[in-house]
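Observations on the model geometry
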Amino acid sequence: MNENEQNNEVMPADAAAIEENQEAIDQPSDNEETSDNEEQNEQSQEEEQSQEEKQSLSPEVIEVVNNFSSLLPIQDEVNSEIGKKLEHQPSWREYILAYNCELYEALNAIGTWKWWKHSHVIEKDRVLDEVADCFAFILSAFLSIEPETRLNLMINFASRYVDFRHQFLDDYKDNLDQLVRDLIVFVGTASELQGDEHLTSLDSFALLLIITEIALRDENIDWDDFIYYYKRKSKVNIKRQKENY
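Residues numbered from 1 in each chain as written. Predicted model: local features only at pLDDT ≥ 70, side-chain atom pairs only at ≥ 80, totals over all residues. Heavy atoms only, no water.

1. Overview of the overall build of the protein
A tally of regular secondary structure across the protein gives 12 helices and zero strands. Its helices and strands taken in sequence order, the protein reads α-α-α-α-α-α-α-α-α-α-α-α from the N to the C terminus. Looking at the protein as a whole, 44% of its 245 residues qualify as buried. Here the analysis covers contacts within the protein between residues at least 6 apart in sequence; of these, 81% occur between residues at least 24 apart. As displayed, the protein offers around 14100 Å² of accessible surface, 45% of which is attributable to carbon and sulfur atoms. (Helix = DSSP H or I, 4+ residues; strand = E, 2+ residues; numbered from the N terminus. Buried < 20%, exposed > 50% of the residue type's maximum accessible area, 1.4 Å probe, protein only. Contact = heavy atoms within 4.5 Å. Areas by Shrake-Rupley, 256 points an atom, 1.4 Å probe, with all protein chains shown as cover.)

2. Notes on helix α7 (residues 92-110)
Here α7 contains 19 residues, and its C-alpha end-to-end distance of 27 Å stays within 8% of the 27 Å for a straight helix at 1.5 Å per residue. Within the span of α7, buried status applies to Trp-92, Tyr-95, Ile-96, Ala-98, Tyr-99, Glu-102, Leu-103, Ala-106, Leu-107, Ala-109 and Ile-110. Positive backbone phi, at 70 degrees, marks Gly-111, one or two positions downstream of α7. (Expected span 1.5 Å × (residues − 1).)

3. Here we look at the packing of aromatic side chains
In total, this model carries 17 aromatic pairs according to the counting rule given. Centre to centre, the rings of Trp-223 and Phe-226 are 5.9 Å apart; their planes meet at 90 degrees, and the pair counts as edge-to-face. Taken together, the positions of Trp-223 and Phe-226, both in helix α12 (residues 223-242) and three residues apart, correspond to about one turn of that helix. Classification of Trp-223 by relative accessible area gives buried; the value is 9%. Three or more aromatic residues joined by ring pairs make a cluster, and in this case those are Phe-68, Tyr-99, Phe-135, Phe-142, Phe-157, Tyr-161, Phe-205, Trp-223, Phe-226 and Tyr-230. (Phe/Tyr/Trp six-rings, centres within 6.5 Å; stacked < 30°, edge-to-face > 60°.)

4. Quick notes on the nonpolar core
Judged by nonpolar contacts, the single largest core of 61 residues is most densely connected at Phe-68, Phe-135, Phe-157, Phe-205, Leu-209 and Trp-223. Breaking this core down by element, the ones donating at least two residues are α5 (59-69), α7, α8 (124-143), α9 (147-171), α10 (176-188), α11 (201-215) and α12. Here Phe-205 is in contact with Phe-68, Tyr-99, Cys-134, Phe-135, Ile-138 and Phe-157, once residues within four sequence places are set aside. (Core = buried A, V, L, I, M, F, W, Y, C linked by side-chain atoms within 4.5 Å.)

5. Considering α8
An ideal rise of 1.5 Å per residue puts 28 Å on 20 residues; α8 measures up with 28 Å between its terminal C-alpha atoms. The buried fraction of α8 is high, at 14 of 20 residues.

6. Description of the packing of helix α6 (residues 72-83) against α8
Running from amino to carboxyl end, α6 crosses α8 at an angle of 90 degrees, the nearest separation of the two axes being 9 Å. The angle between α6 and α8 places the two elements in the roughly perpendicular class. Every residue of α8 that contacts α6 at Leu-72, Gln-75, Asp-76 and Asn-79 is listed here: Ala-136, Leu-139, Ser-140, Phe-142 and Leu-143. Here the contact of α6 with α8 is composed, by residue class, of five nonpolar, three polar and one charged. (Axes fitted to C-alpha atoms, helices over the stretch in contact; angles between N-to-C directions. Parallel < 35°, antiparallel > 145°, perpendicular 65-115°, else oblique. Nonpolar A, V, L, I, M, F, W, Y, C, P; charged D, E, K, R; others polar.)

7. Quick word on the side chain of Ser-144
Secondary-structure assignment places Ser-144 in the loop between α8 and α9. Since its relative accessible area comes to 17%, Ser-144 is described here as buried. Within the structure, the side chain of Ser-144 is placed 2.7 Å from the backbone oxygen of Ala-141, a separation counted as a polar contact. (Polar contact = N/O pair within 3.5 Å; in protein donor to acceptor, adjacent residues only side chain to side chain.)

8. What about a negative patch on the surface?
Among the surface-exposed residues, Glu-60, Glu-63, Asp-222 and Asp-224 lie close enough to one another that they form a single negatively charged patch. Tracing the sequence through the fold places Asp-224 in helix α12. Exposure remark for Asp-224: the relative accessible area of 56% places this residue in the exposed category. (Patch = residues over 30% accessible without salt bridge, like charges linked within 9 Å, V, L, I, M, F, W, Y side chains within 5 Å. Salt bridge = Lys/Arg side-chain N within 4 Å of Asp/Glu carboxyl O. Lys, Arg positive; Asp, Glu negative; His and termini not counted. Charge placed at Lys NZ, Arg CZ, Asp CG, Glu CD.)

9. Observations concerning the pattern of salt bridges
Applying the stated criterion to the full structure yields eight salt bridges. Across the pair Lys-84 and Glu-81 runs a salt bridge, and its minimum N-O distance is 3.2 Å. Here Asp-133 makes a salt bridge to Lys-233, at a shortest N to O gap of 2.7 Å. Here Lys-233 lies in helix α12 and Asp-133 lies in helix α8, a separation of 100 residues in the sequence.

10. Digging into the side chain of Asn-67
Mapped onto the secondary structure, Asn-67 falls in helix α5. Those residues in contact with Asn-67 that lie beyond four places of it in its chain are Trp-223 and Ile-227.

11. Quick word on the confidence of the model for the protein
Chain-level statistics for the protein give a pLDDT mean of 83 and a share of 78% at 70 or above. The model gives residues 1-33 a pLDDT under 50, and that stretch makes 44 contacts with residues more than four places away or in other chains. (pLDDT = per-residue confidence, 0-100.)

12. Focus: unusual backbone geometry
Positive phi, normally seen in glycine, also occurs at Asn-220, with a value near 55 degrees. Here Asn-220 is to be found in the loop between α11 and α12.

Here it is, written out as C-alpha cells:
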C-alpha cells in the first residue's frame, strides 16, 4: 500500500463530515453533562485513537497535524476573549464565511495574478498577516466541532497539503511564478468548479499556504513563519478585544 492510499483511509470529505455533525454542534445533548470519570475515559479513548491514526500517516503529515493542533489552545483563548461580548457563539458556517473573506484578502495581497499591473512587489508582512487571519478562522471552525471529527478533518487537511505540495511542485518545478498565478486562479474560481475539481475550505487553505510559501520563496517561508505571525496576530486580537475594538 502506498502513502496516498494510507492517507485516504483516514481522509473524510470535510464538508460532509461537518454537515453530519452540525446538529450535534448546534444543539448539544443532555448527555454532555458526564461525570469526571466518564470524561476521563472519553479523553483516554480519544488519545488512543489519535495515536493509532497517526501511526498510519507519513512523517510529513504528522508534522503538519502537530503544528496545526498546537495552535488550537491559542485560538481558543482568543475566542474566549471575543465571546465575553457575544450573546451567542458563531457557528462553523460563520467561521468559514469569515475565512473565505480573509482568503481573498490574502490572494489580493500576493497580487501577482493581476495582469493589468506591470510592476508588483510582494509585501511579506502584509501577506503573512492576512494568512494569520485565515489561520484564526479555520482554527475557530475546528474548535466548533466535536474532537473526533476535528481530528479526522485535521488529518484530511494535512494530507491534502502534503499531497498538493508534492504534486504541484513536481509539475511546475521549472516555472514557480506561473504556479503561483495558476493556483491563485484555481483557488479563486473554485466555486465554479464541479466534481473532483471542486475545492473545500480545507483544500483552499492548504493551497493558500503553498501559494504563500512559493510566492515568498526568496524569504524561505515555512511553518515556523506561519506560526510566528499567527501567534503575533493572536496577541493583537486579544488586545483589541480588551480595548473594545
